[in-house]
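Below, each chain spelled out in residue letters.
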Amino acid sequence: MRHTAALIAWLCLAFTAPATAEDVSSERILPGWRQADSVHVAGVEIILQDGWKTYWRAPGGNGIPPQFDFSRSENLKSASVGFPNPTIFSTFGVESIGYSGRVLFPIHIVPEDPAKPVSLNIDLAYGVCEEICIPVSAALTAVLHPGSSSGSDEIREAMTALPMTRDEAGILRVVCEVTVDGSSGEVAARIEFANLISGTPRAVFETGSEEIWVGTPSQVIEPQSVTLRAPMEYFGTGSLTLRPEDVRLTLLSAERSIDIQGCPSG
């Protein structure tokens, strides 16, 4: 719902905007390579003109996250998109999360028949902002052959910027708590690390529902733990419902992020 409202606002801005999508961004598929386990690793690259930005999976205040539609592809069983480490910036005085210059999204593709090429057709929708915002759509096509190795170095570089898992980050324990009062509530988490924490990470809660808004968390950072609390508002019908195990939590930092999918209750 929030993304729909933001998109309407963007469309209004785009109608009066002197720039066009072709002026400020371009896209392409990097065919990548077929792994020994038959998973094909490809990539989608977005290149932006100076001063323009696009958005991360959970974009923040005014952003629209990139949408990847693979439904027109052939010999495709499944596809998962990786989001490299983003940066935090301000758009119209509102904090947003995304990318500038260039971003490459690694994509792991499972073919229906590993011995055959995948006809990859991606309908890509994303937004770009400078002083104005423009919605962008593109239809990207590539044939992914089992022996392909094109674009491998660029994709591998982008994969080094993907978030760490909780095990890779040395997380010992994660506990979440959700409290609800009608259409509002709070989500809280405590994360305990095996090693000392460096820097001040920025936390992002995701609920998997566009009808649940989650605010910027407050943070208490100790040498080996982070405690987070964030307000929630529900814009659907009925009462707010959210299970802790459905919460996705990301700790963003300048170096590399940590992705925690599923947050058990205490």
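Residues numbered from 1 in each chain as written. Predicted model: local features only at pLDDT ≥ 70, side-chain atom pairs only at ≥ 80, totals over all residues. Heavy atoms only, no water.

Draft legend 1. Structural detail: the state of the cysteines. Considering all chains together, one arrives at 2 disulfides under this definition. One disulfide in the model links C129 with C133; its S-S distance is 1.8 Å. Disulfide C129-C133: the torsion about the S-S bond is 95°, which places it as right-handed. Judged by relative accessible area, which is 3%, C129 ranks as buried. Bridging C176 to C263, the disulfide has an S-S length of 1.7 Å. Because the sign of the S-S torsion sets the handedness, a value of about 85° for the bond joining C176 and C263 places this disulfide among the right-handed ones. Note that C176 is positioned in strand β12 (residues 171-181) and C263 in the segment after β19 (258-261), a separation of 87 residues in sequence. By relative accessible area, C263 is classed as buried at 1%. Indicated for the protein chain is the disulfide connectivity 1-2, 3-4, based on numbering the bonded cysteines in sequence order. (Disulfide = S-S within 2.5 Å. Buried < 20%, exposed > 50% of the residue type's maximum accessible area, 1.4 Å probe, protein only. Helix = DSSP H or I, 4+ residues; strand = E, 2+ residues; numbered from the N terminus.)

Draft legend 2. The sheet that holds strand β2 (residues 40-48), seen in detail. The sheet built from 5 strands is open, its strands ordered β5-β8-β2-β1-β11 with antiparallel pairing. Of all the strands in the sheet, just β5 (76-81) and β11 (149-150) have a single pairing partner and so form its edges. Relative to β11, strand β1 (residues 25-34) runs antiparallel, the two sharing 2 bridges. What sits directly across from W33, in β11, is S149. Packing of helix α3 (residues 152-159) onto the sheet brings it into contact with β1, β2, β8 (102-111) and β11, and relative to β1 it is tilted by some 100°. (Pairing = 2+ DSSP bridges. Contact = heavy atoms within 4.5 Å. Axes fitted to C-alpha atoms, helices over the stretch in contact; angles between N-to-C directions.)

Draft legend 3. Representation of the side chain of R57. Along the chain, R57 falls in strand β3 (residues 53-60). At 2.6 Å, the side chain of R57 and the side chain of E206 are in polar contact. A polar side-chain atom of R57 sits 3.2 Å from a polar atom in the side chain of T250. (Polar contact = N/O pair within 3.5 Å; in protein donor to acceptor, adjacent residues only side chain to side chain.)

Draft legend 4. Summary view of the pattern of salt bridges. Per the counting criterion, the structure on display carries 13 salt bridges. Between K116 and D113 there is a salt bridge, with its nearest N and O atoms 3.9 Å apart. With relative accessibility at 48%, the residue K116 sits in the partly exposed group. Judged by relative accessible area, D113 falls into the partly exposed class, the value being 28%. The residue R243 makes a salt bridge to D246 at a minimum N-O spacing of 2.9 Å. R243 sits in the partly exposed class, given a relative accessible area of 45%. On the basis of relative accessibility, which here comes to 36%, the residue D246 falls in the partly exposed class. (Salt bridge = Lys/Arg side-chain N within 4 Å of Asp/Glu carboxyl O.)

Draft legend 5. Expanded view of the pairing of strand β10 (residues 133-144). Direction of pairing for strand β9 (residues 118-129) relative to β10: antiparallel, over a ladder of 12 bridges. Of the residues in β10, the one forming a bridge with L124 is A138. The loop that links β9 with its antiparallel partner β10 comprises 3 residues.

Draft legend 6. Here's a closer look at the packing of aromatic side chains. According to the stated counting rule, one finds 6 aromatic pairs in the structure shown. Centre to centre, the rings of F68 and F83 are 6.5 Å apart; their planes meet at 85°, and the pair counts as edge-to-face. Here F68, found in strand β4 (residues 67-69), pairs with F83, found in the loop between β5 and β6 (87-91); they are 15 residues apart in sequence, far enough to count as distant. Look at F83 and you get buried, because its relative accessible area is 10%. Ring centres of F68 and F105 lie 5.5 Å apart, and the angle between their planes is 75°; this geometry places the pair in the edge-to-face category. Separated by 37 residues along the polypeptide, F68 in strand β4 and F105 in strand β8 bring together distant segments of the chain. You'll find F68 and F105 in the same group, each marked buried. It is K53 that lies over the ring of F89; its NZ or CZ is 5.4 Å from the centre. The residue whose ring lies beneath R57 is F83, and the NZ or CZ to ring-centre distance is 6.0 Å. (Phe/Tyr/Trp six-rings, centres within 6.5 Å; stacked < 30°, edge-to-face > 60°. Lys NZ or Arg CZ within 6 Å of the ring centre and 35° of its normal.)

By themselves these figures say nothing about function.
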